[in-house]
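Chain residues, written in single-letter form:
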Amino acid sequence: MKHIHIFLLLTFCSMVANAQKANSFLVYSVKGNVSIVENNKGTKAQIGKLLTDNSTITVGANSLVSIICNEASLFSITKPGTYSMTQFKDSCLANKSSITSNYLKFIWNQLTTPKGAPEKNRKSYMNNVGAVSRTNISIWIDSRLDTINYYSGDFPISWKCYSDADEFTFDIYEEAENGKPVFQKTVKKTSVPFADFSSKLKKNKPYFWQVNVKNEDPERRKVVYIWDKASFEKLLAQIRSAHNGTETAAEENFRIGFLLESARFYSEAYGYYQKAAQLNPELELYKKTLEAFKKDYAIGQ
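Our focus in this paragraph is helix α5 (residues 266–279). Between its terminal C-alpha atoms α5 stretches 20 Å, which fits the 20 Å expected from 14 residues at 1.5 Å a residue. Along α5, the residues classified as buried are Tyr266, Ser267, Glu268, Ala269, Tyr270, Tyr272, Tyr273, Ala276 and Ala277. Where α5 is buried, its residues meet β11 (147–150), α3 (229–240), α4 (249–262) and α6 (284–296).

A few words now on the sheet that holds strand β3 (residues 41–44). A sheet is described by the order of its strands in space; here four strands give the open sequence β3-β2-β5-β8, paired in antiparallel fashion. In this open sheet, the two strands that pair with only one neighbour each are β3 and β8 (81–84). Within the sheet, the average angular offset between the axes of one strand and its neighbour, ignoring direction, is 25°. As paired strands, strand β2 (residues 34–38) and β3 are joined by four bridges and run antiparallel to one another. Across the sheet, the residue bridging to Ser35 is Lys44, located in β3.

Inspection of the entire model under this criterion finds one disulfide. Covalently, Cys69 is tied to Cys92 through a disulfide, its sulfur atoms 1.9 Å apart. Residues Cys69 and Cys92 share a disulfide whose torsion about the S-S bond is about 90°; that sign makes it right-handed. Note that Cys69 is positioned in strand β6 (residues 64–69) and Cys92 in the loop between β8 and α2 (101–112), a separation of 23 residues in sequence.

Moving on, we get to the pattern of salt bridges. Applying the stated rule across the entire model yields 12 salt bridges. Lys205 serves as the salt-bridge partner of Glu174, at 2.5 Å between the closest nitrogen and oxygen. Here Glu174 is found in the loop between β14 (168–173) and β15 (183–187), whereas its partner Lys205 is found in the loop between β16 (191–193) and β17 (206–212), with 31 residues between them in sequence. Judged by its relative accessible area of 34%, Glu174 falls in the partly exposed class. Put simply, Glu284 and Lys288 hold a salt bridge, and the shortest N to O gap is 3.5 Å. Of the two residues, Glu284 and Lys288 are both situated in helix α6; the distance of four residues between them amounts to about one turn of the helix. Connected via shared salt-bridge partners are Asp146, Glu219, Arg220 and Lys222.

In this section: the environment of Asn149. Within the secondary structure, Asn149 sits in strand β11. Separated by 75 residues in the primary sequence, Asn149 and Val224 have C-alpha atoms spaced 6.0 Å apart. In contact with Asn149, other than residues within four places in its own chain, are Tyr225, Trp227, Ala263, Arg264, Phe265, Tyr266 and Glu268. A distance of 3.0 Å separates the side chain of Asn149 from the backbone oxygen of Ala263, its partner in a polar contact.

What follows concerns the packing of α4 against α6. To describe two helices that pack against each other, one gives the angle between their axes and the distance between the axes. Running from N to C, α4 and α6 point in directions that differ by 30°, and their axes come no closer than 12 Å. Taken together, α4 and α6 sit at an angle that is classed as roughly parallel. Read as a crossing pair, α4 and α6 show a hand that is left-handed. Contacts between α4 and α6 involve Ala250, Glu251, Phe254 and Glu261 from the first element and Leu285, Tyr286, Thr289 and Phe293 from the second. Within the contact of α4 with α6, the residues separate by chemical class into five nonpolar, one polar and two charged.

Below, the discussion takes up the nonpolar core. Membership of the largest hydrophobic core comes to 61 residues, with the highest contact counts inside it found for Phe170 and Trp209. Residues contacting Phe170, with those up to four places away along its chain left out, are Ile157, Trp159, Phe183, Gln184, Lys185, Val192, Phe197, Trp209, Gln210 and Val211. Within the second largest apolar cluster, 17 residues are counted, among which are Phe25, Val27, Val34 and Ile36.

Cut-off values and rules
- Residues numbered from 1 in each chain as written.
- Predicted model: local features only at pLDDT ≥ 70, side-chain atom pairs only at ≥ 80, totals over all residues.
- Heavy atoms only, no water.
- Helix = DSSP H or I, 4+ residues; strand = E, 2+ residues; numbered from the N terminus.
- Expected span 1.5 Å × (residues − 1).
- Buried < 20%, exposed > 50% of the residue type's maximum accessible area, 1.4 Å probe, protein only.
- Contact = heavy atoms within 4.5 Å.
- Pairing = 2+ DSSP bridges.
- Axes fitted to C-alpha atoms, helices over the stretch in contact; angles between N-to-C directions.
- Disulfide = S-S within 2.5 Å.
- Salt bridge = Lys/Arg side-chain N within 4 Å of Asp/Glu carboxyl O.
- Polar contact = N/O pair within 3.5 Å; in protein donor to acceptor, adjacent residues only side chain to side chain.
- Parallel < 35°, antiparallel > 145°, perpendicular 65-115°, else oblique.
- Left-handed = near helix turned anticlockwise from the far one by under 90°.
- Nonpolar A, V, L, I, M, F, W, Y, C, P; charged D, E, K, R; others polar.
- Core = buried A, V, L, I, M, F, W, Y, C linked by side-chain atoms within 4.5 Å.

Now the structure itself:
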């Protein structure tokens, strides 16, 4: 009986501690006239602003603010009025099955990292991320390129070379092993654009690509999959609707870019990252992410 009493006491203390645990809020999106009051001091709401349970937020007419709570959930305030953040505790319940959960953690980390601190790699917040590894003696391929989904756009398949090799053979096969290539190209650069071969491949069918260097054994083949318009637009519609809060066009484009990259649609993600940076050039996160993306995938090199 004594052990039961101790267990119940510990359980009660844990429940009280959780109930008293303060929430943290991060301003994700702002449109119109939105202000914040903390310690009797009012300021204009800005993306990246951290709030607590003690903060008060005022939303003007034809305005809105979207807020991430505890790195895990997103909600919006669209009705004009003044609100205490304590009244949104129910909005802080996380949906662990949400496909945007990693995205919210990424945004929280990026917007709360002190200036000058190293930026964490966005790819560590994405699903199906393998360790970057060297493929053979001289060729190195980012493991994110093990599988590439593609619908449209200008994007290169790239690799790095750590020898003095100055010529590479890029092959695409119908089989994971053996067989003759259905496309082959010899290049001096360490990349081949999709425009060179995408029209020659059938849609909705896996193909396998490989980079060969003279006198070296190639590593296993990687997968490339060309999507048809209807299938891609269905996926895109799901991604567009995969959020609870309200966004401006800049936030929506950035979120879609992140989720497309996570799904390995690199060419399509690039366009959305570009659009986000154009719509909100003042937000450093969009600019840095676009620069990192271009560097990661050898765009413009």
